[in-house]
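Summary of the model geometry
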Amino acid sequence: MILILIGPPGAGKGTQAKIVEDTFGVVQLSTGALLRTAISEGTEMGLKAKALVESGKLVPDDTIVGIVSDRIEDPDCANGFILDGFPRTVAQAEALADMLETKGLKLDHVVEISIDDDLLVDRLTGRFECASCGEGYNDKFKPTKAEGVCDKCGSTEFVRRADDTEEKIRTRLGVYHEQTKPILPYYKDRGILESVDGSKEMSDVTKQLKEVLSTAA
Ligand code: AP5
């Protein structure tokens, strides 16, 4: 299965992609996570992307298209993959269509996680993750069971993203509305766009998503 999840920052793309990964055995490809890894490893690409990512702006289309094209060749993508955060512009959507055609692959589902902006700042300023195993949490919506201790691995070290400040969240939302939303009509015109209500509780969003994914593309 090849799935695209589209939605504004904080819509729940990463949260739901992880669940789909575990349920359907397909790999989550988060372009944001790939960029953050390159930044923390100090690679040439990471150094170039750092200022853009940390200010909430998009990295150039050709950079990200190259990353995705290489990544989907990896053996763990053979069963399928979930694109979380890609494509983010119409040019990226067009490049993806060419890339899939060249590789003989078919896009099965494009799902928008729709949600109003006013719910997102709260979600993103509350987000943190375990520095050791990467398990995601939220101050308000998904706290750790024991305060300051990761439920999954017991670590007491946590990290927050540099772009999860209110000012940068507003920049990211502006970028989403201006540059990413136009890909919704792009997929709608091709008859492949589906939608779930991202304002519901996490488990409810998962239920809606599984229903969509259980239908034939
Ligand atoms: P990226 O990492 O993709 O960030 P984003 O799109 O801003 O999305 P987020 O990861 O912030 O949100 P999410 O929808 O995954 O929400 P989550 O599930 O974590 O990109 C970062 C940057 O990289 C970009 O700004 C750009 O610079 C660059 N980049 C990446 N891809 C690019 C591309 N293709 N082209 C160019 N540049 C690119 O949920 C958020 C929080 O809410 C969590 O704490 C979660 O626990 C909580 N939550 C989730 N669902 C619910 C719910 N239903 N109810 C209550 N709380 C919930």
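Structural notes, computed from the coordinates. (Residues numbered from 1 in each chain as written. Predicted model: local features only at pLDDT ≥ 70, side-chain atom pairs only at ≥ 80, totals over all residues. Heavy atoms only, no water.)

Some thoughts on the packing of aromatic side chains
Cut-off, in case you're wondering: Stacked, edge-to-face and tilted labels apply to pairs of Phe, Tyr and Trp rings (six-membered ring for Trp) whose centres lie within 6.5 Å, assigned for plane angles under 30 degrees, over 60, and everything in between, in that order. Note on conventions: DSSP H or I runs of at least 4 residues are helices, E runs of at least 2 residues are strands, and numbering of each starts at the N terminus. We call a residue buried when its accessible area falls under 20% of the maximum for its residue type, exposed when it is over 50%, and partly exposed in between, using a 1.4 Å probe and counting protein chains only. Lysine and arginine charges are scored as sitting over a ring when NZ or CZ, respectively, is within 6 Å of the ring centre and within 35 degrees of the ring normal.
For the coordinates displayed, the defined rule picks out 4 aromatic pairs. Here the aromatic rings of phenylalanine 128 and tyrosine 137 are separated by 5.6 Å at their centres, their planes lie at 25°, and the arrangement is stacked. Measuring from ring centre to ring centre gives 5.4 Å for phenylalanine 128 and phenylalanine 158, while their planes differ by 80°; the resulting arrangement is edge-to-face. Highlighted residues: phenylalanine 128 in strand β5 (residues 127–130) and phenylalanine 158 in strand β7 (residues 158–159), separated in sequence by 30 residues. Assessed through its relative accessible area of 25%, phenylalanine 158 is described here as partly exposed. Pairwise contacts between aromatic rings join Phe128, Tyr137 and Phe158 into one cluster. One cation-aromatic arrangement involves lysine 142 over tyrosine 137; the distance from NZ or CZ to the ring centre is 5.4 Å. Positioned above the aromatic ring of tyrosine 186 is the side chain of arginine 190, whose terminal nitrogen or guanidinium carbon lies 3.7 Å from the ring centre.

Overview of the pairing of strand β1 (residues 2–6)
Filter applied, for reference: In short, DSSP must find at least two bridges between two strands for them to pair.
Taken across its 5 residues, β1 has 5 buried, putting it largely inside the fold. Residue alternation in β1 divides its side chains into two sets, Ile2, Ile4 and Ile6 and Leu3 and Leu5, and both sets are buried. As paired strands, β1 and strand β4 (residues 109–114) are joined by 4 bridges and run parallel to one another. Directly across from isoleucine 6, in β4, lies its bridge partner glutamate 112.

Here we look at the pattern of salt bridges
Basically, it comes down to this: One side-chain nitrogen of Lys or Arg within 4 Å of one carboxyl oxygen of Asp or Glu is enough to make a salt bridge.
With the rule as written, the count across this model stands at 16 salt bridges. Salt-bridge contacts for lysine 103 lead to glutamate 73; the nearest nitrogen and oxygen are separated by 2.5 Å. With lysine 103 in helix α5 (residues 90–103) and glutamate 73 in the loop between α4 (61–71) and β3 (81–84), this pair connects stretches of sequence that are 30 residues apart. The exposure class assigned to glutamate 73 is exposed, which follows from its relative accessible area of 53%. One salt-bridge network, held together by shared partners, links Arg127, Arg161, Asp163, Asp164 and Arg172.

Some thoughts on the site of the ligand
Rules: If even one non-hydrogen atom of a residue comes within 4 Å of a molecule or strand, that residue is called near it. Identification of polar contacts relies on pairs of N or O atoms within 3.5 Å, with a donor-acceptor requirement for protein atoms, meaning one able to donate a hydrogen and the other able to accept it, and with residues adjacent in sequence counted only if both atoms are side-chain atoms. Areas reported as accessible are Shrake-Rupley estimates using a 1.4 Å probe. Residue values count occlusion only from the protein chains shown. Residues are grouped as follows: Ala, Val, Leu, Ile, Met, Phe, Trp, Tyr, Cys and Pro are nonpolar; Asp, Glu, Lys and Arg are charged; every other residue, Gly included, is polar. The source of the domain bounds is an automatic or database domain assignment.
Thr15, Lys57, Arg88, Arg127 and Arg172 are the nearest of the 36 residues found near the ligand. At 2.6 Å, a side-chain N or O of arginine 172 approaches an oxygen atom of the ligand. Bound to the protein, the ligand loses 95% of the 1000 Å² it would expose on its own. Mapped onto the shell around the ligand, the elements with two or more residues apiece are α1 (13–24), α2 (31–41), α6 (120–125), β6 (136–138) and α9 (202–214). Residues of the shell around the ligand, tallied by class, amount to 14 nonpolar, 11 polar and 11 charged. Both of domain 1 (2–116 + 172–214) and domain 2 (127–163) provide at least three residues apiece to the shell around the ligand.

As for α5
What counts here: One less than the number of residues in a helix, times 1.5 Å, gives the span that helix is expected to have. To be clear, the arc concerns the directions from the helix axis to the C-beta atoms. Any two residues having at least one pair of non-hydrogen atoms within 4.5 Å are treated as being in contact.
The terminal C-alpha atoms of α5, which comprises 14 residues, lie 20 Å apart, in line with the 20 Å expected from a rise of 1.5 Å per residue. The complete set of buried residues in α5 reads Gln92, Ala93, Ala95, Leu96, Met99 and Leu100. In an axial view of α5, the angular spread of the buried residues amounts to 160°, which keeps them on one side of the axis. Pointing more than 90 degrees away from the buried face of α5 are the exposed residues Glu101 and Thr102. On the buried face of α5, the contacting elements are β1, α4, β3 and α8 (183–189).

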